[in-house]
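Below are the chains, spelled out letter by letter.
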Amino acid sequence: MTAAIEAGTTPDIIMEGPERLVSNWGAKGKMIDLADLWDDEALADISATSEAVVAACKSESGAYYEYPLCMTTHTMAINKELFEEADAMQYINDDRTWTTENFEKALQALKDHGVETTGVVYCGGQGGDQGTRALAMNLYNAEFTNADHTEWTMNSEAGVKGLQQLVDWCDAGLLSYDSGAVASDEIQLFANETIAMSFCWNAANQLTYAAETAFTPYPVAFPSESGTPELCGGIWGFGIFDNGDADKIAASKIFIEFICDDATQGPISISNTGFFPVRSSYGNIYAGTEDEERMETYASFQKWLGDYYNVTLGWAEQRTAWWNMLQQIFDGEDVQAAADAYVETCNTATADASAN
Amino acid sequence: MRKKNVTTRSKVLVMRETRSAYLFLLPSLFFFVGFVIIPMFMCLFTSFFNYTMSDFSFVGIGNYVEMFQDEIFQRAFWNTVLIVVVAVPTVTIFSLWVGSSIYRMHAVTRSFFRCVFYLPVVTGTVAVAVVWKWMFNKYTGLFNTILSGVGAIDQNVSWLGDEKTAIWCIILILFTTSIGQPIVLYVAALGNVDTSLVEAAEVDGATDIQTFWKIKWPSIMPTTLYVLVITTINSFQCFALIQLLTSGGPKHSTDTIMYYIYYEAFKLNRYGFGNAMGIFLAAVIAIFSALQFKVTKSGSVD
């Protein structure tokens, strides 16, 4: 897309997330304001699902550069049969949440049961980094950014405590880390039962790996000190590039409205993504389908959808700095110092992006 | 008078041939200018600007100053140099050894070896990288399985995730994908060495080693020069393996200039800064190549 934008050969319509449509391309004047699609009815309907979705699609200047179609929450997953054998299911609540303390007990139970590698904190790249971010953030209920999305805050006491906890678990052999693996590698290890849990899971992953798993992947929330997790979300929708052709822009808007809002096509479009509608009026689009049970489970995580901090400027720099910071702390560097350096890098990137 | 006519006619003929030659070159020239020369000048020009997705302001040599002060760039530069310094001699020496070992074999055997060594070259980089990644896997990889099986390691090694091993893994893969073409070239070059010179040396009592260094080595020097230059350029431009296997990690230990250019230009949209690094890389490659031309030309025979 970068090459296409510079060459002036962008498509008219693109499906992406707010971190690119709004915070990147929109902020740089490449996108069309879709405020006319966000009429009162759409605004009320989407707000009823999540105010965070509305906020994510809206730029600082008040322009809507994304019209959302679907959303999901990213979870982790465990090997249910293995947990049962290790008598570790007792540490997970009925609503699929667990506390940090119970998570540690579960790790210990798995270890005592003879599981060599319980889970892997992957940090070989940015792929699936939402999993490691959610893990480190939730352990002691830290915030990833401030409420205004202008500063990064994982060097806070809670953030550092969470990061330190991961290092301690790795040192104690309760967890493992791999600076050469990304999420796809970790999921593969989970699918072939080399490890007992995955930190990068969602409804679509379960469907993708269904044929490869000979066990029950049991989705659970990330462990948190309070027991109330804050899960990372994914929001996908449409944006229109400003190609200077009013007719094409008008036609694109009609197309997007049809794909997202048409009473028949809307639910079909969403079910094809394997995620959930942003419109509350659509209700349970998977009711009566073979996916109903699976999707109902994942829908239950929606209530823990956290702040969509992905729209913070300097997002691309932050992603690279994050896994580099994880590599540093697992390699023995002081956690507070590494977190401070990471936050400084991110805040500089955010300030630079704001200045431009 | 007659002499003058002949001279004029030959000049016309030369001009006609020259014109034809240029006409034949024109299509290639068109693409070369359009896709190489003009982008090179654009790259040089924009390297003096803060060229991003939303800005295009003149900064003079600002990008170059920033580049030399950038610690990640410095790390990437020395990683690139390490790759070149290790890969180029090893590829050249190994290719020469394999080439000289197989060029006198039966045609079928020779073709078999050529196929074996050329296979990684024609296999897609992504496929090669994926297979190596499996072999390097910390938990299920072939290397750890073998090494722990024979008791050489107590705990599994994260080959691509350890600062000490990652760059050497990249060099190893680069080595396997780089030797195919030099081996084929050396087999062809050694087969073309004038046998009368070799036989004369042998008749004069030269040993195999003397024959190789005094007769064959100077004869295949143009091939060696080509191998050196191509391998140097490929090593300097190492990108795909980094992108597919390590993303420059762990802790920037496998960052190369090419990967850093990609990261700055395509992930952070800092095209001007990326272009400044591109110009620097091109200059370094040109200097290395010129040195290789100078050194190897002095030892070659016409």
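The structure under discussion appears in the preceding block.
Description of the structure in this document. Here the structure is a predicted model, which means the values were calculated and not measured.

Re the pattern of salt bridges
Working step 1: Using the criterion set out here, one finds 17 salt bridges over all chains in the structure.
Working step 2: Across the pair Arg294(A) and Asp291(A) runs a salt bridge, and its minimum N-O distance is 3.2 Å.
Working step 3: Its relative accessible area of 18% is what places Arg294(A) among the buried residues.
Working step 4: Between Lys251(B) and Glu163(B) there is a salt bridge; the shortest N-O distance is 3.4 Å. With Lys251(B) in the loop between α12 (240-245) and α13 (257-267) and Glu163(B) in the loop between α6 (142-149) and α7 (166-178), this pair connects stretches of sequence that are 88 residues apart.
Working step 5: Of the residues examined, Lys251(B) reaches a relative accessible area of 13% and is grouped as buried.
Working step 6: The exposure class of Glu163(B) is partly exposed, given its relative accessible area of 30%.
Working step 7: Each of Asp331(A), Glu333(A), Arg75(B), Glu163(B) and Lys251(B) takes part in one network of salt bridges that share partners.

Quick notes on helix α8 (residues 157-171) of chain A
Residues and elements named next belong to chain A.
Working step 1: For α8, built from 15 residues, the straight-helix expectation of 21 Å at 1.5 Å per residue is met to within 8% by its first-to-last C-alpha distance of 21 Å.
Working step 2: Listed as buried for α8 are Gly159, Val160, Gly162, Leu163, Gln165, Leu166, Val167, Trp169 and Cys170.
Working step 3: Elements that come into contact with the buried residues of α8 comprise α6 (100-112), β4 (120-122), α7 (129-139), β5 (176-178), α14 (315-330) and α15 (335-355).

Regarding the interface of chain B and chain A
Working step 1: Listed per partner, the contact involves 25 residues of chain B and 32 residues of chain A.
Working step 2: Taking both partners together, chain B and chain A bury about 2,200 Å²; carbon and sulfur atoms supply 51% of that area.
Working step 3: Counting the surface chain B buries against chain A, the share from its top three residues, Met53(B), Tyr139(B) and Lys251(B), is 32%.
Working step 4: If you look at where chain B meets chain A, you find three salt bridges.
Working step 5: Between Asp331(A) and Lys251(B) there is a salt bridge whose closest N-O contact spans 2.6 Å.
Working step 6: Our enumeration of links across chain B and chain A arrives at twelve residue pairs in polar contact (both at pLDDT 80 or more).
Working step 7: Sorting elements by how many residues they give to the side of chain B that touches chain A places α13(B) first, with four residues.
Working step 8: Classifying every residue of the side of chain B that touches chain A by side-chain character gives ten nonpolar, ten polar and five charged.

Cut-offs and rules
Residues numbered from 1 in each chain as written. Chains lettered and ligands numbered in written order. Predicted model: local features only at pLDDT ≥ 70, side-chain atom pairs only at ≥ 80, totals over all residues. Heavy atoms only, no water. Salt bridge = Lys/Arg side-chain N within 4 Å of Asp/Glu carboxyl O. Buried < 20%, exposed > 50% of the residue type's maximum accessible area, 1.4 Å probe, protein only. Helix = DSSP H or I, 4+ residues; strand = E, 2+ residues; numbered from the N terminus. Expected span 1.5 Å × (residues − 1). Contact = heavy atoms within 4.5 Å. Buried area = accessible area lost by both parts, 1.4 Å probe. Polar contact = N/O pair within 3.5 Å; in protein donor to acceptor, adjacent residues only side chain to side chain. Nonpolar A, V, L, I, M, F, W, Y, C, P; charged D, E, K, R; others polar.

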